[in-house]
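# Working through the structure, step by step
Okay, here's what each chain looks like letter by letter:
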Amino acid sequence: MEKLVNIGKSIQIKGELTGNEDLTIEGRVDGKIMLKDHHLTIGANGHITAEIHAKSVSIVGQVVGNVTADDRIEIAATGSMEGDIKAPRVVLADGARFKGAVDMDRSGAKKPASTPSGTGSAAASGGGGSANMPRSASGKG
Amino acid sequence: MLFRRKRGTDDQAVPGATGAGSAPAPEPEEQSSPSLARVLKSIAEQEKPEILDLGPLCGDTVVYLAGKGGRVSVESFTPPPAPVKPKQGEEAPPRPPLRIDQSDGNFHLVLAWEQLDFVPPECLDEFGAELARILAPGGQLLVFARASGGEEQEVCPQYRIVGDDRIQRQPSGSRMRRRWNHPTRAVERALGAFSIKGIHLQRNQIREFLAVRK
């Protein structure tokens, strides 16, 4: 069984975080997170102010910064995201809060997104979006 | 009736239905939208169109539009309250300008859905000017407005795009707000910076305005 790696609630990191395994963050990270080829989960208690690049990203907590994924980005119903997201597959679940822009670049999201655009905010109330995925994956019936 | 209910689905909650009361949530109303089909066909010919969804945000719609190759921004537009009428002999209190927090000429398509109906008549021209400001010349605007009915309190509905010419109108989690019924002439005046390409009346008495920024 693969070991789960966690950054706990009481942990705060400032700087660049890189790794070669899946990671769950429940604490605070300010800076940059690079998890190439691996999955990153921002847990319900996670507060991230960082540019993120990973294979796939699940946001259950709060993120401020641009997020780029080579595979998929999912913002859960409890998730809050401020910044631009770029990935071939995106899921915006019901109730998620999102402020920024969505770019589903089919050619592969290799480059990190540019600086946050400062665009408006919205709550995904009553809508859950997914692409290239079963509809149930977005948390809807 | 704006929100129809299907038989045999009373125990199924509609995503985003407001309130957690015991009343069953209505099923979303699906309808065709020829204007949407036109704008989606048009943006499909562009390399990387910038699209603004003025909400209330529906995740499916954002993903659908992004899947068309567009870069989709979302904006939680909050319509201004109706201006307070001053007492006789008094000046009207200043009110903050209506502003959509987006840069000038940035978008090729703005989907304003039914937000127009929640803008007070006194602010309608200002809203039209803001839409014109954020659209690039030649950019398209799709806005819906009710064709009949009086003023009332309502929740701004959200629209889920389920096909290039198919949309679902459904309740959103937005706040209850005052809703107006703007005459077509008032809408046309507010969209003075646009060339109106078509007004389509839906079966549910919602007018679809398709306009192009001059």
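Residues numbered from 1 in each chain as written. Chains lettered and ligands numbered in written order. Predicted model: local features only at pLDDT ≥ 70, side-chain atom pairs only at ≥ 80, totals over all residues. Heavy atoms only, no water.

### What to know about the overall build of chain B
This is how the line gets drawn: Secondary structure elements are defined from DSSP: runs of H or I of at least 4 residues count as helices, runs of E of at least 2 residues count as strands, and each element is numbered from the N terminus. Burial classification: accessible surface area is computed with a 1.4 Å probe over protein chains only, and a residue below 20% of its type maximum counts as buried, one above 50% as exposed, and the rest as partly exposed. Here a residue-residue contact requires only that any non-hydrogen atoms of the pair lie within 4.5 Å.
The helix and strand tally for chain B stands at 4 helices and 11 strands. The 214 residues of chain B split such that 50% are buried. Residue pairs at least 24 apart in sequence account for 71% of intrachain contacts in chain B once pairs closer than 6 positions are excluded.

### A word on the overall build of chain A
Counted only if it meets this: To be clear on the numbers: accessible area is Shrake-Rupley with a 1.4 Å probe, and residue cover counts the displayed protein chains and nothing else.
Counting secondary structure elements, chain A contains 0 helices and 14 strands. By residue count, 52% of the 141 residues in chain A fall in the buried class. When contacts within chain A are restricted to residue pairs at least 6 apart in sequence, those whose partners lie at least 24 apart make up 19%. Carbon and sulfur atoms make up 49% of the accessible area of chain A, which amounts to about 6,400 Å² in all.

### Thoughts on the confidence of the model for chain A
Residues and elements named next belong to chain A. Condition: pLDDT expresses, on a scale from 0 to 100, how confident the predictor is about each individual residue.
Chain-level pLDDT for chain A is 81 on average; 72% of the residues reach the 70-or-more range. Across residues 108–121 the pLDDT falls below 50, and counting only partners more than four positions away or on other chains, this stretch makes 44 contacts in the model. Below pLDDT 50 for its whole length, residues 131–141 participates in 26 contacts with residues either more than four positions away or in separate chains.

### A short note on the pattern of salt bridges
Residue and element names in this part refer to chain B. As a reminder of what qualifies: By definition here, a salt bridge exists when the distance from a side-chain nitrogen of Lys or Arg to a carboxyl oxygen of Asp or Glu is within 4 Å.
Tallying each qualifying case throughout the model produces 20 salt bridges over all chains. Measuring nitrogen to oxygen at the nearest pair gives 2.9 Å for the salt bridge that ties D164 to K68. Separated by 96 residues along the polypeptide, D164 in the loop between strand 7 (158–163) and strand 8 (166–170) and K68 in the loop between helix 2 (59–67) and strand 3 (71–74) bring together distant segments of the chain. Judged by its relative accessible area of 33%, K68 falls in the partly exposed class. Residue E114 pairs with R179 through a salt bridge whose shortest N-O separation is 2.6 Å. Of this pair, E114 sits in the loop between strand 4 (107–113) and helix 3 (124–134) while R179 sits in strand 9 (residues 176–179); the two residues are 65 residues apart in sequence, bridging distant segments of the chain. Judged by relative accessible area, R179 falls into the buried class, the value being 0%. Via salt bridges that share partners, E114, D117, R146, E152, E154, R169 and R179 belong to a single interconnected network.

### Some words on helix 1 (residues 34–44) of chain B
Because an α-helix completes one turn every 3.6 residues, residues spaced three or four positions apart along the sequence face the same direction. Residues and elements named next belong to chain B. Quick reminder of the rule: By arc we mean the arc of the directions from the helix axis to the C-beta atoms, nothing more.
Every buried residue of helix 1 is accounted for by S35, L36, V39, L40 and I43. Down the axis, helix 1 shows its buried residues gathered within 130° of arc, on one side only. Across helix 1 from its buried face, at more than 90 degrees, point the exposed residues K41 and A44.

### Thoughts on the side chain of S58 of chain A
Residues and elements named next belong to chain A. To keep things clear, this is the line we draw: Any N or O atom pair separated by 3.5 Å or less is treated as a polar contact, with the protein-specific requirement of one donor-capable and one acceptor-capable atom, and with residues adjacent in sequence counted only for side-chain atom pairs.
Checked against the element boundaries, S58 lands in strand 5 (residues 47–59). Its relative accessible area of 14% is what places S58 among the buried residues. Of the polar contacts made by the side chain of S58, one reaches the side chain of H39; its length is 3.2 Å. Once residues lying within four places of it in the same chain are set aside, the contact partners of S58 are H39, L40, T41, I42 and E74.

### Regarding the confidence of the model for chain B
Scored by pLDDT, chain B comes out at a mean of 85, with 88% of its residues at no less than 70. In the predicted structure, residues 1–22 of chain B sits below a pLDDT of 50 and forms 43 contacts with residues beyond four places in sequence or in another chain.

### Quick word on the packing of aromatic side chains
By convention here, two paired aromatic rings are described through the distance between centres and the angle between planes. Residues and elements named next belong to chain B. The criterion, for reference: Two rings from Phe, Tyr or Trp (for Trp, the six-membered ring) form a pair when their centres are within 6.5 Å of each other. A pair whose planes differ by under 30 degrees is stacked, one over 60 is edge-to-face, and the rest are tilted.
Tallying each qualifying case throughout the model produces 4 aromatic pairs over all chains. Judged by centre distance (5.0 Å) and plane angle (35°), the ring pair of F77 and F127 falls under tilted. One end of the pair, F77, is in the loop between strand 3 and strand 4; the other, F127, is in helix 3, and 50 residues separate them in sequence. Between the aromatic rings of F144 and Y159, the centroid separation amounts to 5.0 Å while the plane-to-plane angle is 85°, which identifies the pairing as edge-to-face.

### Regarding the sheet that holds strand 1 (residues 29–32) of chain B
Residue and element names in this part refer to chain B. We apply this condition: At least two bridges found by DSSP between two strands is the condition for calling them paired. For helices, the fitted axis covers only the stretch in contact; all axes are lines through C-alpha atoms, and the angles between them, taken along N-to-C directions, range from 0 to 180 degrees.
Judged by pairing direction, the sheet is antiparallel, and its 3 strands sit side by side in the order 1-8-7 without closing on themselves. The outermost strands of the open sheet, each flanked by one partner alone, are strand 1 and strand 7. Strand-to-strand twist across the sheet, computed as the mean angle between neighbouring axes with direction ignored, equals 30°. Of the pairings in the sheet, the one linking strand 7 to strand 8 comprises 5 bridges and is antiparallel in character.

### Some words on helix 2 of chain B
Within helix 2 of chain B, 7 of the 9 residues are buried, which leaves it mostly tucked inside the rest of the structure. Positioned one or two residues after helix 2 of chain B, G69 of chain B has a phi angle of 100°, which is positive.

### A short note on the pairing of strand 11 (residues 206–213) of chain B
Residue and element names in this part refer to chain B. Most of strand 11 is tucked away: 7 of the 8 residues are buried. Of the strand pairs in this sheet, strand 5 (residues 135–146) and strand 11 are connected by 7 bridges, and their pairing is antiparallel. Directly across from A145, in strand 11, lies its bridge partner R207. Where strand 10 (residues 194–201) meets strand 11, 7 bridges bridge the pair, whose relative direction is antiparallel. Pairing of G198 across the sheet is with L210, part of strand 11. The turn joining strand 10 and strand 11, which pair antiparallel and follow one another in sequence, is formed by 4 residues; a positive phi near 65° is taken by Q205.

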